[in-house]
Amino acid sequence: MTAASPSTSVSNASASTTIKTAHNFEITCPLPLTKGNSKNLNLPSQLTPINRRRRVSVEVHEIALNKSAAQPTAITADNAAADNIHKTEIVYVRIMERQHRINPAAMVKEHILNPMAQRLLPDTKKNPNQESPVNFFTGARRRVSDGDDNSDDVDDADSVMKSFRDLTHLTNDQSTGEDGDGWLPKYKVPLKMFQIVESNKKRKNIVVVSFKFKNRSTKREFIFDTEDQANEFRHIIQDNQNLIQTRAMARLDWALKGIQLQKDERLTFLIDICSGSDIPQSDVGRQSDPYVIASFEGRQIHQTGYRSNNANPIWTLRKGSLFIWKVDALELFESRPGFVFEVKDYDTVGEDESLGFFSVSARTLYKWPDNERKVFALKPLPGETDFKQGKIAIRVRRATEYDMEFMETYNSKQTSLRSQPKMKGAAVIKEVLTKNSRKEKDGTREYRVRPGPDPKRQEATTWLTKDKLEQECMKASHNWVDIGSGNLGKIHFEVIKCDKLPNMDSGGNFGIKTDAFASLVYEDCFVQTDVISNCLSPRWMPWSQRAFVFNMMHTSSQLFIAVFDSDDTPLNDHDLCGRVSIDLCNFMPDTVYTLDYNLFPTAKSSPRDAKYGTITIRLRLELADEKTLVLSNMKPPQSVYVNVQTQKDFHVLRQTVEGNLDTKEYSLSTITAYCDELMSYLTIYYGLEDAVIRLFLWRGGTEGFIPAPD
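> Could you give an account of helix α13 (residues 647–658), with specific residues and numbers?
The terminal C-alpha atoms of α13 lie 16 Å apart, and with twelve residues this matches the ideal 16 Å at 1.5 Å per residue to within 8%. For α13, the full list of buried residues reads K648, D649, H651, V652, L653, Q655 and T656. Turning to α13, the residues buried within the fold contact β23 (516–522), β24 (525–528), β26 (558–565) and β27 (575–583). Of the residues flanking the end of α13, it is G659, one or two places downstream, whose phi is positive at about 90°.

If you want it as structure tokens, here you go:
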């Protein structure tokens, strides 16, 4: 066993690390013959080859963090009395293996002589009687084409033999263990994830340990050279674990500083990620697409949406600015880093890049004045780029019962009302393989209810006959989404069903059909229904997302509705089946209308063949004050703008309003449509001209008698 003095140091822009002490032990680590931790079956130590020698180092690292990087405080806070450098220690258990030096003779034998000899040997596929090499440990013959597994945790016998075969690549000084510098790191485990499981009572120089590495539990048997080394290793591990526990209690007392926590106290915070300013630019030629991840003790608590190409983003409720966080008070104060906020740049291809982070201490959160807005500067994570810019503003308060109820209701609506309905690839395959109809013993055919059965009547509404489907879809809706900023009245609108939609999917011969959803646009509102997959005559059930309440801004506004085929591929848009516009001026208030409309790809070109299916809707007008409604017609309607999150949503919105013909695009189809429109005007002109001539310049050949007065 050897002890190292603090000589190794690593530093970056935000931290410097120095090895304070290191206790090194050279051990033998038998190859495990079983996977997992249920059984500790290892290769006997007498058969363990020399290259299974390991070095175990218990290292105490002293980390010096710049205070602003370790725990950034609000810019508005007074930091004058705080020290600039905060030192902390962390203990690692590092396991290293021998560095295998290249043996020139072995390399020539393996890569030159053996391949040449292999070419001269007969092909084993042509000559099955050729003998394979014998595994001298198991007595079995190994196939010539078998490869060697390099893993340290494989439990087959050939992997055991690989350890012996590897000895041919070791030089003499490695096999005797005389080279003290040829060690390569294999595992580096924090002490809190390392523990001694048991000790061998018969052989006291053996210690069984368990640790976690890359979210995987591993159990190993350490065989020390002497019993004294094994005891010393146990004492060092136990002493450091006790020291860590003592320091944790001291940090807790320092963090509380007189705060008296109640027993089993739970804290509930309403956190608002307001905005960012001067966000670093990590993309070439454009601003970053920043979003914020909030985490505690390595667990992600919340993530906002990203703001595209924006160095000064503002996160709203729809972009995930608000969230509720519940935590045990004692757990919060025991946490060293506190509540961490990391800003990342969203990238469509590749890994999202970290733009910086800041953390809020437990004491700051506990004593945060209600609704006070604080600004935090971004600092780099260890090993990440230091952009030396960027700030994030957040607001925190203790959540009330109303806050929790509001967020629960809002989140449930957001789950139902999807801005971009889509099905994952696995769901598509499952849908194709799932039977959507079945035949009962009495001969009646039942159909699967989509997108799903009624949560309150699952067994009774999973399968329904055609007649019952029609009856069920005509019932009153359960869930209504109230949207819009008008105050003249309300439009209660329901999408009931569609019939004879065109099949927009290319897999029609394999039973793959249109995955229909309806898109509605009214004034400043843009909503979508649930997706009814693999169906040309979809029925939206009362418990699905199909009912909306639009608040009216002007009486002349039209309501646009379109039916699309949902397409989950990132590069493809949703395919338009058909659309229609509804003029609401002709409807009487407080009257329920159930109407059928033919769907067309566009309203701006011909022909308008009725081959795109039909849609059935139900609506009712509810007016607040008819006098105010009439007076509102004296003013022209205001222009409204609808913002959407993705390019797919934009295409859906545009096609819902205008159809699939882009009149601003320079193409042959657009020019042809304009020519057809002009020719239709010319035909109308000829008719009007003939009517005017016959009316005003009328001449007839019939004689008549007109009496004249005397």
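> How would you sum up the pairing of strand β19 (residues 445–448)? Please name residues and give values.
Where strand β18 (residues 437–439) lies against β19, three bridges are found, and the strand directions are antiparallel. Residue K439 lies in a different strand from β19, and its bridge partner there is R445. Taking the residues between adjacent antiparallel strands as the criterion, β18 and β19 are bridged by five residues, where G443 takes a positive phi near 95°. The pairing of β19 with strand β20 (residues 463–465) spans three bridges and is classified as antiparallel. Each bridged residue has a counterpart across the sheet, and for E446 the counterpart in β20 is T465.

> Lay out the pattern of salt bridges with the relevant residues and their values.
For the coordinates displayed, the defined rule picks out 23 salt bridges. In this structure, a network of salt bridges that share partners links the residues E26, R53, R55 and D225.

> Could you give me a rundown of the packing of aromatic side chains, with the residues and numbers involved?
Taken as a whole and assessed by the stated rule, the structure comprises 25 aromatic pairs. Note on F341 and F358: the rings are 5.0 Å apart at their centroids and 10° apart in plane angle, and the pair reads as stacked. Placement of F341 in strand β14 (residues 339–345) and of F358 in strand β15 (residues 353–360) is noted, with a sequence separation of 17 residues between them. Among the residues examined, F341 registers a relative accessible area of 1% and is labelled buried. Overall, the relative accessible area of 0% leaves F358 in the buried class. Geometrically, the ring pair formed by Y402 and F406 is stacked, given 6.4 Å between the ring centres and 25° between the ring planes. One end of the pair, Y402, and the other, F406, are both in helix α8 (residues 401–416), four residues apart, so they sit about a helical turn from each other. Overall, Y402 belongs to the exposed group, its relative accessible area being 59%. Given the relative accessible area of 33%, F406 is considered partly exposed. Cluster of aromatic residues (ring-pair linked, three or more members): F269, F296, F323, W325, F339, F341, F358, W368 and F376. K374 extends its terminal NZ or CZ atom over the ring of W368, reaching a point 4.5 Å from the ring centre.

What counts and what doesn't
- Residues numbered from 1 in each chain as written.
- Predicted model: local features only at pLDDT ≥ 70, side-chain atom pairs only at ≥ 80, totals over all residues.
- Heavy atoms only, no water.
- Helix = DSSP H or I, 4+ residues; strand = E, 2+ residues; numbered from the N terminus.
- Expected span 1.5 Å × (residues − 1).
- Buried < 20%, exposed > 50% of the residue type's maximum accessible area, 1.4 Å probe, protein only.
- Contact = heavy atoms within 4.5 Å.
- Pairing = 2+ DSSP bridges.
- Salt bridge = Lys/Arg side-chain N within 4 Å of Asp/Glu carboxyl O.
- Phe/Tyr/Trp six-rings, centres within 6.5 Å; stacked < 30°, edge-to-face > 60°.
- Lys NZ or Arg CZ within 6 Å of the ring centre and 35° of its normal.

Function-wise, these values are silent; they only describe arrangement.
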